[in-house]
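Okay, here's what each chain looks like letter by letter:
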Amino acid sequence: MATLYTHRAANISKTWALMTGFLVFIVGVGFVFSQAYGDPAILWVAVIFSLVMNVASYWFSDSIALRMSGARPANKEEYFELFTTVENLAITAGLPMPRVYIIDDVSPNAFATGRDPEHAAVAVTTGILRILNKTELEGVLAHELSHIGNRDILVSTIAVVLAGTIAMISDMAMRMAFFGGGRDREGKGNGIMLVIALALAVLAPIAATMIQLAISRKREFLADASGALLTRYPEGLASALEKISASSMPMANANHATAHLWIANPFKGDSARSVMTKMFMTHPPIEERIAILRDMDVGR
């Protein structure tokens, strides 16, 4: 029977495989563009620009995410049980106590943010505090602390950098094509390579987005497994996810830029999931997550 440890190891391996594929994809796209336009500087300029922009945003990712979500610092006296639960789980996980935030929203949801465990924060909505019992809330908070412990923010940032690089390369390729590009240093056109490059300029950003979303979904599975391992009670998180999915209320401040951070899709309301819809989802189906959690053996 599969255990939490095997699920966790499998998800880590799949995540790194996706990241490796992402890097190989960028190198391949850059090679095609450099051959088509006779200018290898295209890839280097795009990579450097994207790295500078995304590393700068990485340092402020927590404050940006919290502000965009309308989060406010939680008062310890008012939310004593919440603070106590976070503190106990942090001690168990060997993590520093993260900052705790409250979001005034009836939609049940939660997320964690921060560039590393020393600069982390956990935010929960008032809606999730109303509908979950103690063990369910513990499961949700363990999931979020697992995101911190698994360094998911770093992985997400790398994915954004790579996706941004591909978008930059594609944009530069399209502009060069419209302004007479597609010729090498001897002035000769690279017909076949130019056609391939133009096709990639259109399709590469779509492929990059799909890989980025796949990485986000893998991180959710990993945080589910890690959180259940932390509490030794996967049913708590499974039950919490059932209650969260039963709510059809979207987040008031739902934003596509931060959608991948939440424990559940903040938009909701779309029960009809076509193949294309699933391909562009930031989260795996909650039903699938619940089934995996209930199939896990924690060895209690």
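Small disclaimer: the values here were computed from a predicted structure and weren't measured.

**Q** Quick question: what am I supposed to make of the pattern of salt bridges here?
**A** A pair can form between side chains of opposite charge whenever their charged atoms are brought close. Tallying each qualifying case throughout the model produces seven salt bridges. Across the salt bridge formed by Glu235 and Arg294, the nearest N and O atoms sit 2.9 Å from each other. Taken together, the positions of Glu235 in helix α9 (residues 234–246) and Arg294 in helix α11 (residues 286–294) put the pair 59 residues apart, joining distant regions of the chain. Judged by its relative accessible area of 40%, Arg294 is partly exposed. The structure contains a network of salt bridges with shared partners spanning Glu220, Asp224 and Arg289.

**Q** I keep staring at the pairing of strand β2 (residues 99–103) and nothing clicks. Help me out?
**A** Looking along a regular strand, one sees side chains alternate from face to face of the sheet. Among the five residues that make up β2, four are buried, leaving the element largely enclosed by the rest of the structure. Of the strand pairs in this sheet, β2 and strand β4 (residues 121–125) are connected by five bridges, and their pairing is parallel. Residue pairing across strands places Val100 opposite Val122, the latter belonging to β4.

**Q** Would you mind showing me how to read the side chain of Ser247 here?
**A** Examined against the element boundaries, Ser247 turns out to sit in the loop between α9 and α10 (275–279). When its relative accessible area of 18% is taken as the criterion, Ser247 is described as buried. Once residues within four sequence positions are removed from consideration, Ser247 is found in contact with Pro108 and Lys268.

**Q** In this structure, what is going on with helix α6 (residues 134–149)? I would like to understand it.
**A** Each turn of an α-helix holds 3.6 residues, which means side chains three or four residues apart point in the same direction. With 16 residues, α6 extends 22 Å between its outermost C-alpha atoms, agreeing within 8% with the 22 Å of an ideal straight helix rising 1.5 Å per residue. Most of α6 sits inside the fold, with 12 of its 16 residues counted as buried. Of all the positions in α6, only Glu136, Leu137, Gly139, Val140, Leu141, Ala142, His143, Glu144, Leu145, Ser146, His147 and Ile148 are classed as buried. Backbone geometry just after α6 places Arg151 at a positive phi near 60°.

**Q** I keep staring at the packing of α6 against α9 and nothing clicks. Help me out?
**A** The description of two packed helices rests on the angle between their axes and on the distance between the axes. In the contact formed by α6 and α9, the axes pass within 7 Å of each other and the chain directions differ by 95°. Classed by the angle they form, the pair α6 and α9 counts as roughly perpendicular. Facing α6, whose interface residues are Thr135, Glu136, Gly139, Val140 and His143, α9 presents Gly236, Leu237, Ser239, Ala240, Lys243 and Ile244. Partitioning the contact of α6 with α9 into residue classes produces four nonpolar, five polar and two charged.

**Q** Explain the sheet that holds β4 here, please?
**A** Each strand in a sheet pairs with its neighbour through backbone hydrogen bonds, running either in the same direction (parallel) or in the opposite one (antiparallel). Read across the sheet, four strands follow the order β1-β2-β4-β3 without closing on themselves; strand pairing throughout is mixed. Two strands bound the open sheet, and with one partner strand each, they are β1 (71–73) and β3 (110–113). Here the strands of the sheet are splayed against their neighbours by 30° on average, with no regard to which way each runs. Helix α3 (residues 61–68) contacts β1, β2, β3 and β4 of the sheet and is inclined by roughly 155° relative to β3.

**Q** Honestly, the nonpolar core in this entry has me stumped. Any pointers?
**A** A general feature of soluble globular proteins is that nonpolar side chains tend to end up buried together. Ranked by size, the top nonpolar core spans 36 residues in total, and within it Leu82, Val124, Val140 and Leu141 carry the most contacts. Excluding its chain neighbours within four sequence positions, the residues that come into contact with Leu141 are Leu82, Thr85, Val86, Leu89, Val122 and Val124. Counting 10 residues, the second-largest nonpolar core is a separate cluster that includes Ala65, Ile103, Phe111 and Ala121.

**Q** What's the story with the pairing of β3 in this structure? I'm lost.
**A** Of the two faces of β3, the one holding Ala110 and Ala112 and the one holding Phe111 and Thr113 are both buried throughout. Direction of pairing for β3 relative to β4: antiparallel, over a ladder of four bridges. Bridged to Ala112 within β4 is Val122.

**Q** Just to check I follow, could you spell out α9 for this structure?
**A** Over its 13 residues, α9 runs 19 Å from end to end, which matches the ideal 18 Å to within 8%, given 1.5 Å per residue. Listed as buried for α9 are Pro234, Gly236, Leu237, Ala238, Ser239, Ala240, Leu241 and Ile244.

**Q** Can you walk me through the packing of α9 against α11 in this structure?
**A** Close contact between α9 and α11 brings their axes to 9 Å; oriented N to C, the two are set at 160°. Taken as axis vectors, α9 and α11 run roughly antiparallel relative to one another. The hand of the α9/α11 crossing is left-handed. Contacts between α9 and α11 pair Pro234, Glu235, Leu237, Ala238, Ser239, Leu241, Glu242 and Ser245 from the former with Ile286, Arg289, Ile290, Leu293 and Arg294 from the latter. Residue composition of the contact of α9 with α11, by class: seven nonpolar, two polar and four charged.

Cut-offs and rules
Residues numbered from 1 in each chain as written. Predicted model: local features only at pLDDT ≥ 70, side-chain atom pairs only at ≥ 80, totals over all residues. Heavy atoms only, no water. Salt bridge = Lys/Arg side-chain N within 4 Å of Asp/Glu carboxyl O. Helix = DSSP H or I, 4+ residues; strand = E, 2+ residues; numbered from the N terminus. Buried < 20%, exposed > 50% of the residue type's maximum accessible area, 1.4 Å probe, protein only. Pairing = 2+ DSSP bridges. Contact = heavy atoms within 4.5 Å. Expected span 1.5 Å × (residues − 1). Axes fitted to C-alpha atoms, helices over the stretch in contact; angles between N-to-C directions. Parallel < 35°, antiparallel > 145°, perpendicular 65-115°, else oblique. Nonpolar A, V, L, I, M, F, W, Y, C, P; charged D, E, K, R; others polar. Core = buried A, V, L, I, M, F, W, Y, C linked by side-chain atoms within 4.5 Å. Left-handed = near helix turned anticlockwise from the far one by under 90°.

Read these as geometric descriptors, not functional statements.
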